[in-house]
Amino acid sequence: MADHYLATLADFNAAVAATADGGKPLVIDFTATWCPPCKRIGPIYEGHIPNYPELVMKKLDVDANAESSQAAGIQCMPTFKVYKNGAEAEKMEGASDQGLIDLLNRAKA
């Protein structure tokens, strides 16, 4: 799963920039190792990755990559953000299983 993590601000910026000019939408799970709701929904999010080939799905540890979480304006964990056309398109805060599915379905539309 390590290859799904955005480790640096440069990684984060490059992933968002890749959505510009018709690139695939990007979904990022902003997570923390100490966060119980993150630990619960993280494997669910990862399990959806093969089901959404039209999306780029990444994770970002807010403690390991604080610069990116600050740049993204993360207030709570977990937060899921969708980026399209080089900018944030939508976000969901919290660990709702159905909310996550709904977000992923809207992101691919």
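A quick note: this is a predicted structure, and the numbers were derived from the prediction, not measured.

Novice: How would you sum up the state of the cysteines? Please name residues and give values.
Specialist: Inspection of every chain in the model, using the stated rule, returns one disulfide. Between Cys76, a free cysteine, and Cys35, which holds the nearest cysteine sulfur, the sulfur-to-sulfur gap is 8.6 Å.

Novice: Give me the lowdown on the sheet that holds strand 3 (residues 79–84), citing residues and values where you can.
Specialist: Read across the sheet, four strands follow the order 2-1-3-4 without closing on themselves; strand pairing throughout is mixed. One side of each edge strand has no neighbouring strand; the edge strands of this open sheet are strand 2 (56–61) and strand 4 (87–93). Adjacent strand axes in the sheet meet at a mean angle of 20 degrees when their direction is disregarded. Where strand 3 and strand 4 come together, six bridges link them in antiparallel fashion. Its bridge partner lying in strand 4, Lys84 is registered against Ala87.

Novice: So what about the packing of aromatic side chains? Which residues, and what values?
Specialist: Following the criterion strictly, the structure yields three aromatic pairs and no others. Ring centres of Phe12 and Tyr83 lie 5.9 Å apart, and the angle between their planes is 85 degrees; on these two criteria the pair is classed as edge-to-face. Of the two residues, Phe12 sits in helix 1 (residues 9–17) while Tyr83 sits in strand 3, which places them 71 residues apart along the sequence. In this structure Phe12 comes out as buried when scored by relative accessible area, which is 6%. When its relative accessible area of 5% is taken as the criterion, Tyr83 is described as buried. Centroid distance Tyr45 to Phe80: 5.5 Å. Interplanar angle 45 degrees. Geometry classified as tilted. Taken together, the residues Tyr45 in helix 2 (residues 36–48) and Phe80 in strand 3 connect sequence positions 35 residues apart. Classification of Tyr45 by relative accessible area gives buried; the value is 0%.

Novice: With reference to specific residues and values, describe the nonpolar core.
Specialist: Phe12, Ile28, Phe30 and Tyr83 are the most contacted members of the largest nonpolar core, which has 15 residues in total. When contributions to this core are tallied by element, the ones reaching two or more residues are helix 1 and strand 1 (26–31). Here Phe12 is in contact with Leu6, Ile28, Phe30, Leu60, Ser68, Ala71, Ala72 and Tyr83, once residues within four sequence places are set aside. By size, the runner-up hydrophobic cluster in this structure holds 14 residues, among which are Met57, Val82, Met92 and Leu103.

The rules behind each value
- Residues numbered from 1 in each chain as written.
- Predicted model: local features only at pLDDT ≥ 70, side-chain atom pairs only at ≥ 80, totals over all residues.
- Heavy atoms only, no water.
- Disulfide = S-S within 2.5 Å.
- Pairing = 2+ DSSP bridges.
- Helix = DSSP H or I, 4+ residues; strand = E, 2+ residues; numbered from the N terminus.
- Axes fitted to C-alpha atoms, helices over the stretch in contact; angles between N-to-C directions.
- Phe/Tyr/Trp six-rings, centres within 6.5 Å; stacked < 30°, edge-to-face > 60°.
- Buried < 20%, exposed > 50% of the residue type's maximum accessible area, 1.4 Å probe, protein only.
- Core = buried A, V, L, I, M, F, W, Y, C linked by side-chain atoms within 4.5 Å.
- Contact = heavy atoms within 4.5 Å.

Remember that the coordinates give geometry; whether it matters functionally is a separate question.
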